[in-house]
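Structural characterization, general
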Amino acid sequence: MEKDGRPNWDSPMQFVLACVSYAVGLGNVWRFPYLCQLHGGGGFLIPYLIMLLLEGLPLFYMELAIGQKMRLGSIRAWTSISPYLGGLGLASLVTSMYLCLYYNVIIAWSFWYLFHSFQSVLPWSVCPINSNRTGPTEECDVATPTQYFFYRETLNISPSIEENGGIHTGQALCLVLAWAITYLFIVRGVKSTGKVVYFTATFPYLVLFIYLIRGVTLHGAINGLKYMFTPKMAELANPRAWINAATQIFFSLGLGFGSLIAFASYNQYNNNFQNQAIVVSLINSGTSIFASIVTFAIYGFKATLNYENCLDRMRILLLNTFDLAEDAISMDSVLEWTEKLNTTYPEQFAQIADKVREGECNLEKELDTAVEGTGLAFIVYSEAIKNMPLPQLWSVLYFFMLLLLGMGSMLGNVTAIITPLRDFKIMSRMSNELFSGLVCVFCLLLGLGFTTTSGNYWFTIFNDYAASFSLLFIVLIEVVAVSYIYGIKRFEKDIEDMLGHRPNWYLKIMWAVTSPLLLIGLFIFFIINYIQGGAPTYQAWNKELGASVVTEYPVFGQVFIALLLVSSISCVPLTALYAFCRKRKDRAYENRPSVVSTVSL
């Protein structure tokens, strides 16, 4: 315990592991591989690493420096810099609360899948029998078993956001479990968190390494790895590739939530956060690349399996149509025979031409199919796992890894709420156990809405709008405030006081010029993209089609999105206005002439 009564991490290693556990999350596993696939495989690494240097590392360093210098949570830290900036900390707290509400829902889904992995036959590998016991359930038959299990068994999803039903009991119980474990991890502040991160920050790497060995030995894995490591350099001319690289770095490091400021506030005053910022940033980016190698190996396996199944269907179609011997066409010669039969028997081939076109087999096309988010984590991976030998083992390992990645990030998310609130006297009078419990129960009760039949659509709203636009705004104001309100010179002296030396010219240029310009560019892009995109849409599940259908949000959904965007951003100007009015009122009170009462004798 320090002289100021603020607890500290037991060692610098605990702080590094806490930052790694927080920064390395689900986005490294399901977002970064998707962007690689979308933007030409390995070629995406070039803009990604450039953006790490121009934006990620300097801003990460800045937030750690602020937290360590002020030794306060986000609200009080920014208020100490300027009373007009207290809204920055409040905006970070609101954004972190939004994130906590829906992020633990993903952990609840992971628990659901983990519990269902302990079965002789994985439930997402086969379709359930219908009530008449005459065949598979109709919805599962038109979709796939993995889609059916996710949308019907896991979510029990409604046809649209406008149709709501009751709470899914199984999901609600999993969410309670997720919050109960989160509470146990944070109940004693950094003293309990510091112990937990040794596990949450390291075990996912063990699972990823095991998956790497398993992945590269799967049939067709080489096709996925070739796809990743054969860069399409033309994508470097695509501005969206650079924008996606910048936003991925930004969100992956967890900038703007207040978590990094909160974590750093528990450091010793002279802790060397500079080296730690470099280490954590490199580990985070290295993990994204490592996870992509594993993911592309599994992509290759799944794509090759789909490609070969397609060839086999085509082979059977040709054998039956042209009455050929069973061994006349091999898997390797299907495409050759298709051309040959089309040339030799054009009239007969014309009868099946539509089926051939619909079922055209193309390995590159299979590999080009990009999937992100829950679709990758809970459908694509489940599809691949069910086709592996010993699928139960790989399923348990995978979903346990997702749990730890999610829990590690939740430690930072909840700390970003609790730390700034505990800085206020009224909150500090409560015990850690009671206050942490109240925060967790409050978030749990609000989060139960995501376990209803329309809950996944609300989850999508929060995932898309609650912590994207607002974070760009928060970090833009942060870097402008440090560079031009607090002042680079003063910030340099603070860093020198902590580290014994001033930051180098590279960091100063990034803070003063490059990072603000990049953030302004991203901010403008998001505004233009939102305006040009028209009415916001979502993917509504259609059980008759067994597929998701693009649907426009109803009016109440669009209003809610607008409120979600404004609610956190408005904290900054409203708090500044409040500080201005209060200062003006205090000044008026000080300048009020004194009234002296005299009594004549």
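The rules behind the values
Residues numbered from 1 in each chain as written. Predicted model: local features only at pLDDT ≥ 70, side-chain atom pairs only at ≥ 80, totals over all residues. Heavy atoms only, no water. Helix = DSSP H or I, 4+ residues; strand = E, 2+ residues; numbered from the N terminus. Rg over C-alpha atoms; globule rule 2.2 N^0.38 Å. Contact = heavy atoms within 4.5 Å. Areas by Shrake-Rupley, 256 points an atom, 1.4 Å probe, with all protein chains shown as cover. Lys, Arg positive; Asp, Glu negative; His and termini not counted. Charge placed at Lys NZ, Arg CZ, Asp CG, Glu CD. Buried < 20%, exposed > 50% of the residue type's maximum accessible area, 1.4 Å probe, protein only. UniProt positions renumbered as here; feature names shortened; annotations may be inferred. Arc of directions from axis to C-beta. Salt bridge = Lys/Arg side-chain N within 4 Å of Asp/Glu carboxyl O. Pairing = 2+ DSSP bridges. Disulfide = S-S within 2.5 Å. Phe/Tyr/Trp six-rings, centres within 6.5 Å; stacked < 30°, edge-to-face > 60°. Core = buried A, V, L, I, M, F, W, Y, C linked by side-chain atoms within 4.5 Å. Axes fitted to C-alpha atoms, helices over the stretch in contact; angles between N-to-C directions. Left-handed = near helix turned anticlockwise from the far one by under 90°. Nonpolar A, V, L, I, M, F, W, Y, C, P; charged D, E, K, R; others polar. Parallel < 35°, antiparallel > 145°, perpendicular 65-115°, else oblique.

Moving on: the overall build of the protein. From N to C terminus, the protein includes 28 helices and 2 strands. A compact globule built from 601 residues should have a C-alpha radius of gyration of about 25 Å, and the protein, at 28 Å, falls within 12% of that. Viewed in the frame of its principal axes, the protein has a C-alpha envelope of about 130 × 55 × 45 Å. Across the protein, every contact between residues at least 6 apart in sequence was considered, and the portion connecting residues at least 24 apart equals 81%. Element-wise, carbon and sulfur atoms account for 62% of the exposed surface of the protein, whose accessible area totals about 26800 Å². When the 38 positive and 41 negative side-chain charges of the protein are each reduced to one mean point, those points stand 17 Å apart.

So, on to the side chain of Thr 287. Summarising the element assignment, Thr 287 is placed in helix α15 (residues 273-322). Residue class for Thr 287 comes out buried when judged on its relative accessible area of 5%. Apart from the residues within four sequence positions on either side, Thr 287 is in contact with Val 24, Asn 28, Tyr 205 and Leu 208.

Further remarks concern the UniProt feature "binding site: Na(+)" (unreviewed entry) in the protein. In the numbering adopted here, UniProt assigns the feature "binding site: Na(+)" (unreviewed entry) to Ala 23, Val 24, Asn 28, Ser 252, Asn 284, Leu 405 and Ser 409. Spatially, the listed residues are clustered: although they cover 387 residues, their C-alpha atoms lie within 12.4 Å of one another. Within the secondary structure, Ala 23 is located in helix α1 (residues 12-23). Of the residues examined, Ala 23 reaches a relative accessible area of 5% and is grouped as buried. Setting aside anything within four residues of it in sequence, one finds Ala 23 in contact with Asn 28, Ser 252, Leu 253 and Asn 284. With a relative accessible area of 8%, Ser 252 lands in the buried category. Ignoring any residue separated from it by four or fewer positions in sequence, one finds Ser 252 in contact with Ala 23, Asn 28 and Asn 284.

Residues of helix α5 (residues 74-81) that are buried include every one of Ser 74, Ile 75, Ala 77, Trp 78 and Ile 81, and no others. One face of α5 carries all of its buried residues, which in axial projection span an arc of 165°. Turning to α5, the residues buried within the fold contact α4 (45-70), α6 (86-116), α14 (259-264), α21 (391-422) and α25 (469-499).

Turning next to the pattern of salt bridges. Following the criterion strictly, the structure yields 11 salt bridges and no others. Of the charged contacts in the structure, one is a salt bridge between Lys 69 and Asp 494, with a shortest N-O distance of 3.7 Å. Of this pair, Lys 69 sits in helix α4 while Asp 494 sits in helix α25, placing them 425 residues apart in sequence. The salt bridge partner of Arg 502 is Glu 492, with a shortest N-O separation of 3.6 Å. With a gap of 10 residues between them, Arg 502 in the loop between α25 and α26 (505-532) and Glu 492 in helix α25 connect regions that are remote in the sequence. Look at Arg 502 and you get partly exposed, because its relative accessible area is 36%. One salt-bridge network, held together by shared partners, links Glu 492, Glu 496, Arg 502 and Lys 508.

Time to look at the pairing of strand β2 (residues 547-552). Alignment of strand β1 (residues 537-542) against β2, held across 6 bridges, turns out to be antiparallel. Along β2, the bridge assignment pairs Thr 537 with Glu 552. Where β1 folds back on β2, the antiparallel hairpin that results is connected by 4 residues, among which Gly 546 adopts a positive phi of roughly 70°.

On to the state of the cysteines, then. Across all of its chains, the model carries 1 disulfide by this definition. A sulfur-sulfur separation of 1.9 Å characterises the disulfide bridge that pairs Cys 127 with Cys 140. Looking down the S-S bond of the Cys 127 and Cys 140 bridge, the torsion is -80°, so its handedness is left-handed. Here Cys 127 is found in the loop between α6 and α7 (138-142), whereas its partner Cys 140 is found in helix α7, with 13 residues between them in sequence. On the accessibility criterion, Cys 140 (1% relative accessible area) is buried. Of all cysteine sulfurs, the one in Cys 100 lies closest to Cys 19, which takes part in no disulfide; the gap is 16 Å.

Let us look at the environment of Leu 90. Relative to the helices and strands, Leu 90 resides in helix α6. Residues Leu 90 and Ser 570 lie 480 residues apart in sequence; the distance between their C-alpha atoms is 9.8 Å. The residues contacting Leu 90, other than those within four sequence positions of it, are Ile 75, Cys 571 and Thr 575.

We now examine the packing of aromatic side chains. One pass over the structure, following the stated rule, counts 46 aromatic pairs. When the ring of Trp 109 is compared with that of Phe 378, the centres are 5.8 Å apart and the planes differ by 90°; the resulting orientation is edge-to-face. With a gap of 269 residues between them, Trp 109 in helix α6 and Phe 378 in helix α20 (residues 373-386) connect regions that are remote in the sequence. Taking relative accessible area as the criterion, Trp 109 reaches 2% and is therefore assigned buried.

Core analysis: the biggest nonpolar cluster contains 180 residues, and Ile 66, Tyr 211 and Phe 378 have the highest contact counts within it. Ranked by the residues each element gives to this core, the list is headed by α6, at 20 residues. Aside from chain neighbours lying at most four places away, what touches Tyr 211 is Val 294, Ile 298, Ile 385, Met 388, Trp 394, Ser 395, Leu 397 and Tyr 398.

The next thing to look at is helix α8 (residues 145-154). In terms of residue burial, α8 counts as a mostly covered element, since 8 of its 10 residues are buried. Among the residues of α8, those classed as buried are Pro 145, Thr 146, Tyr 148, Phe 149, Phe 150, Tyr 151, Arg 152 and Thr 154. Asn 156 lies just past α8 and shows a positive phi near 45°.

Attention now moves to the packing of α6 against helix α28 (residues 571-590). Where α6 contacts α28, the two axes come as close as 7 Å, and the packing angle between them is 145°. Of the two elements, α6 crosses α28, and the hand of that crossing is right-handed. Residue-level contacts link Gly 86, Gly 87, Leu 88, Leu 90, Ala 91 and Val 94 of α6 to Cys 571, Val 572 and Thr 575 of α28. Residues of the contact of α6 with α28, tallied by class, amount to 6 nonpolar, 3 polar and no charged.

On to the environment of Phe 301. Along the chain, the position of Phe 301 falls in helix α15. The spacing of Phe 301 and Trp 124 is 177 residues in sequence and 18 Å in space, taken between C-alpha atoms. If we ignore the near neighbours within four places in the chain, the residues touching Phe 301 are Leu 218, His 219, Gly 220, Ala 221, Ala 384, Asn 387 and Met 388.

Attention now moves to the packing of helix α9 (residues 169-186) against helix α23 (residues 432-447). Where α9 meets α23, the axes come as close as 10 Å, and the angle between the chain directions of the two elements is 160°. In terms of orientation, α9 and α23 fall into the roughly antiparallel class. When the axes of α9 and α23 are compared, the crossing they make is right-handed. Counting all contacts with α9, which are made through Leu 175, Val 176, Trp 179, Tyr 183 and Ile 186, the residues of α23 involved are Glu 433, Ser 436, Gly 437, Cys 440, Cys 443, Leu 444 and Gly 447. Grouping the constituent residues of the contact of α9 with α23 by class yields 8 nonpolar, 3 polar and 1 charged.

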